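Structural overview
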Amino acid sequence: MAIINLKVNGKKQSIDIDPKTPVLWVLREHLHLVGTKYGCGIAACGACTILLEGTAVRSCQLPVSAAENKSITTIEGLSADGDHPVQQAWLEHDVAQCGYCQAGQIMSAVSFLKTNPNPTDEQIESAMNGNICRCATYLRIKAAVKTASKSPSL
C-alpha cells in the first residue's frame, strides 16, 4: 500500500492503495465516479476511457501509480451540466441507445478533437475505431464527432 496523489476532475485526492490498482477501480470504488465503465478489462473496448493529461487512455489497465500527480478527467468532470460540445452533439444526433459505451466514446472524441479540430470522415473512423459500441451506433457517433468539430467553443 502507498499514498497516491491524484488530481481528478480538478480536485486533489490522496488515496492509500496498492500502486498497481487500475485507475478504473480507484475512480469507481474509491472516488465513487461511476460514469467510467468496466467493459472488457483488457483495454480493448474503450468503455473505460478517461483523459490523462488531456489524452485518451484506457483506465482498466492503467496502474494508479502511473497517474500520480497527473490530471485525470472523467465523464463527470468534462462539464458541470453536460454542455460540452461533444456531449451536446451526442444528444443532437441521438447517439446513445443502451449508453454503456458512451462515456468512453465521448472521452475518446474529446481527446481526438483536441489534436484534430477539423477531421475528415476517415480520420474520425480511424480515431474512434478502438471504441466498441454493441448497439452499432457508429454512423451517429461519426456524425456527432463531425458536428462537435464545428463548435466554436471546442
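Each residue is numbered by its place in its chain's sequence as written, counting from 1. Predicted model: local features are reported for residues with pLDDT of at least 70 only, side-chain atom pairs are reported and counted for 80 or more only, and whole-chain, interface and lining totals are derived from all residues. The side-chain numbers reported here are obtained from all heavy atoms of the structure, hydrogens and water having been left aside.

**Focus on the overall build of the chain**
Segments assigned H or I by DSSP are reported as helices when at least four residues long, segments assigned E as strands when at least two residues long, and all are numbered from the N terminus. Within the chain, the secondary structure is distributed over 6 helices and 5 strands. Taken from the N to the C terminus, the helices and strands of the chain come in the order β-β-α-β-β-β-α-α-α-α-α. Whereas a compact globule of 154 residues would reach a radius of gyration of roughly 15 Å, the chain reaches 15 Å, a difference of no more than 12%. Using a 1.4 Å probe on the protein chains alone, a residue whose accessible area is under 20% of its type maximum counts as buried, one over 50% counts as exposed, and one in between counts as partly exposed. Taken over 154 residues, the chain has a buried fraction of 44%. The contacts in the chain between residues at least 6 apart in sequence include a share of 57% that link residues at least 24 apart. In this setup the radius of gyration rests on C-alpha atoms only. A globule is expected at 2.2 Å times the number of residues raised to 0.38. Contacts are assigned to residue pairs that have any heavy atoms within 4.5 Å of one another.

**Digging into the pairing of strand β3 (residues 49-52)**
Alternating positions in β3 separate into two faces, Thr49 and Leu51 on one and Ile50 and Leu52 on the other, with burial throughout. Direction of pairing for β3 relative to strand β4 (residues 55-58): antiparallel, over a ladder of 4 bridges. Note on β4: the bridge partner recorded for Ile50 is Val57. Remark: 2 residues form the turn of the hairpin made by β3 and β4, two consecutive strands paired antiparallel; Glu53 in that turn has positive phi of roughly 55°. Between any two strands, at least two bridges found by DSSP are needed for them to pair. Pairing geometry for β3 and strand β5 (residues 71-73), over 2 bridges, is antiparallel.

**Structural notes on the nonpolar core**
Inside soluble globular proteins, nonpolar side chains tend to come together where they are buried. By convention a nonpolar core is built from buried Ala, Val, Leu, Ile, Met, Phe, Trp, Tyr and Cys residues, the set being connected through side-chain atoms within 4.5 Å. Counting residues in hydrophobic clusters, the biggest one holds 22 residues, and the most contacted among them are Val86, Trp90, Ile106, Ile141 and Val145. Going through the elements one at a time, α2 (75-78), α3 (85-92), α4 (102-115), α5 (121-128) and α6 (138-149) are the ones with two or more residues in this core. Of all the elements, α4 adds the most residues to this core, at 7 residues. Those residues in contact with Trp90 that lie beyond four places of it in its chain are Val95, Gln102, Gln105, Ile106, Ala109, Ile141, Ala144 and Val145.

**Here's the deal with the packing of α4 against α5**
Comment: axis = line fitted to C-alpha atoms, over the contacting stretch for helices; angle = value between 0 and 180 degrees taken between N-to-C directions. Between α4 and α5, the shortest axis-to-axis distance is 10 Å and the interhelical angle comes to 130°. With respect to α5, the element α4 is oriented oblique. Two packed elements cross with a definite hand, and for α4 against α5 that hand is right-handed. Listed contacts from α5 to Gln105, Ser108, Ala109 and Phe112 of α4 are Gln123, Ile124, Ala127 and Met128. Its residues placed into classes, the contact of α4 with α5 shows 5 nonpolar, 3 polar and no charged. An angle below 35 degrees is treated as roughly parallel, one above 145 as roughly antiparallel, one from 65 to 115 as roughly perpendicular, and anything else as oblique. Take the far helix as the reference: if the near one is turned anticlockwise from it by less than a right angle, the crossing is left-handed, and if turned clockwise, right-handed. Three categories are distinguished: nonpolar for Ala, Val, Leu, Ile, Met, Phe, Trp, Tyr, Cys and Pro, charged for Asp, Glu, Lys and Arg, and polar for the others, with Gly belonging to the last.

**Here we look at the pattern of salt bridges**
A carboxyl oxygen of Asp or Glu within 4 Å of a side-chain nitrogen of Lys or Arg is what we treat as a salt bridge. A full pass over the atoms with the stated rule returns 2 salt bridges. A salt bridge links Asp121 to Lys146; its shortest N-O distance comes to 3.6 Å. Of this pair, Asp121 sits in helix α5 while Lys146 sits in helix α6; the two residues are 25 residues apart in sequence, bridging distant segments of the chain. Classification of Lys146 as partly exposed rests on a relative accessible area of 23%. For the salt bridge of Lys142 with Glu125, the shortest nitrogen-to-oxygen distance reads 2.6 Å. On the criterion of sequence distance, the pair formed by Lys142 in helix α6 and Glu125 in helix α5 is long-range, its members being 17 residues apart. In this structure Lys142 comes out as buried when scored by relative accessible area, which is 18%.

**Re the side chain of Thr137**
Relative to the helices and strands, Thr137 resides in the loop between α5 and α6. Once residues lying within four places of it in the same chain are set aside, the contact partners of Thr137 are Val95, Gln97 and Gln102.

**What to know about the sheet that holds β5**
Strand order in the open sheet formed by 5 strands is β2-β1-β5-β3-β4, and the pairing between neighbours is mixed. With partners counted over all chains shown, the strands left at the sheet margins are β2 (11-17) and β4, one partner each. Strand after strand, the sheet turns through a mean of 40° between neighbouring axes, direction not considered. Helix α1 (residues 23-30) contacts β1 (2-8), β2, β3 and β5 of the sheet and is inclined by roughly 100° relative to β2. Packed on one face of the sheet, α4 meets β3, β4 and β5 and runs near 35° to β3.

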